[in-house]
Amino acid sequence: MQIQLITIGNRMPNWVQQGYDDYAKRLPRECELVLKEIAPGKRGKNSDISRIIKEEGERLLKAIPSDTRVVTLDIPGKAWTTPELAEALQRWLQSGQNIALLIGGPEGLSEAAKQRADESWSLSKLTLPHPLVRVIVAEQLYRAWSILHNHPYHRD
C-alpha cells in the first residue's frame, strides 16, 4: 500500500522537509509515504479566494490515482486518538487500496475535494500551519505503524 500525502503548497523551509523525510523514510514499503505537492494559487490583495480554492481543489483531485481511498485532513473531520489512527491504518492496510491524504491551502479544501473523501481526519480543532501538518501526519503515521508492530517507538 502507498499513502500519498497530496498537499497544496511548495517551497517549504528545510526543517519541514527534514522532519517529513525523517518519519517518511522510517515507514516500511508496505505503507510507503509519498509526498505530492500541488502549487498554490496566486493570492493578492484583490484575489478571488473562492475561485482559487476551487482551482486548487481541481488540481488536488487530478493528482489522486484511480482506485484510491481518499482521506481529507480537515478541522470538522474525526479527531482520532493515536490508537484509533493505528486502527485506521490497519484497516487501510487490510483493504489493499492506496490512500490519498488531502491537505488544502491556507483557506482549506474545496467542496469538491471534501465530497470526494471517503473519510475525514481532524488533527486538531486548532488551525495548524500547513508546513507543520506535513510533519505531524508523517510522525503520527509512523507512530501508528509502530503500535501495530509492537515497535518501542510508541509508549503509552
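What you see is a predicted model, and the numbers here were worked out from it, not measured in a lab.

### Digging into the packing of aromatic side chains
Inference 1: In total, this model carries 6 aromatic pairs according to the counting rule given.
Inference 2: Ring plane angle 65° and centroid distance 6.5 Å describe the contact between tyrosine 23 and tyrosine 153, whose orientation is recorded as edge-to-face. Here tyrosine 23, found in helix α1 (residues 14-24), pairs with tyrosine 153, found in the segment after α5 (130-148); they are 130 residues apart in sequence, far enough to count as distant.
Inference 3: The exposure class assigned to tyrosine 23 is buried, which follows from its relative accessible area of 17%.
Inference 4: Ring centres of tryptophan 80 and tryptophan 121 lie 5.4 Å apart, and the angle between their planes is 35°; this geometry places the pair in the tilted category. Of the two residues, tryptophan 80 sits in the loop between β3 (68-78) and α3 (82-95) while tryptophan 121 sits in strand β5 (residues 119-121), which places them 41 residues apart along the sequence.
Inference 5: Take tryptophan 121: its relative accessible area is 3%, and that puts it in the buried class.
Inference 6: Of the aromatic side chains, those joined through ring pairs into one cluster are Tyr23, Tyr142, Trp145 and Tyr153.
Inference 7: One Lys or Arg, arginine 26, reaches over the ring of tyrosine 142 and ends 5.3 Å from the middle of that ring.

The rules behind the values
Residues numbered from 1 in each chain as written. Predicted model: local features only at pLDDT ≥ 70, side-chain atom pairs only at ≥ 80, totals over all residues. Heavy atoms only, no water. Phe/Tyr/Trp six-rings, centres within 6.5 Å; stacked < 30°, edge-to-face > 60°. Helix = DSSP H or I, 4+ residues; strand = E, 2+ residues; numbered from the N terminus. Buried < 20%, exposed > 50% of the residue type's maximum accessible area, 1.4 Å probe, protein only. Lys NZ or Arg CZ within 6 Å of the ring centre and 35° of its normal.

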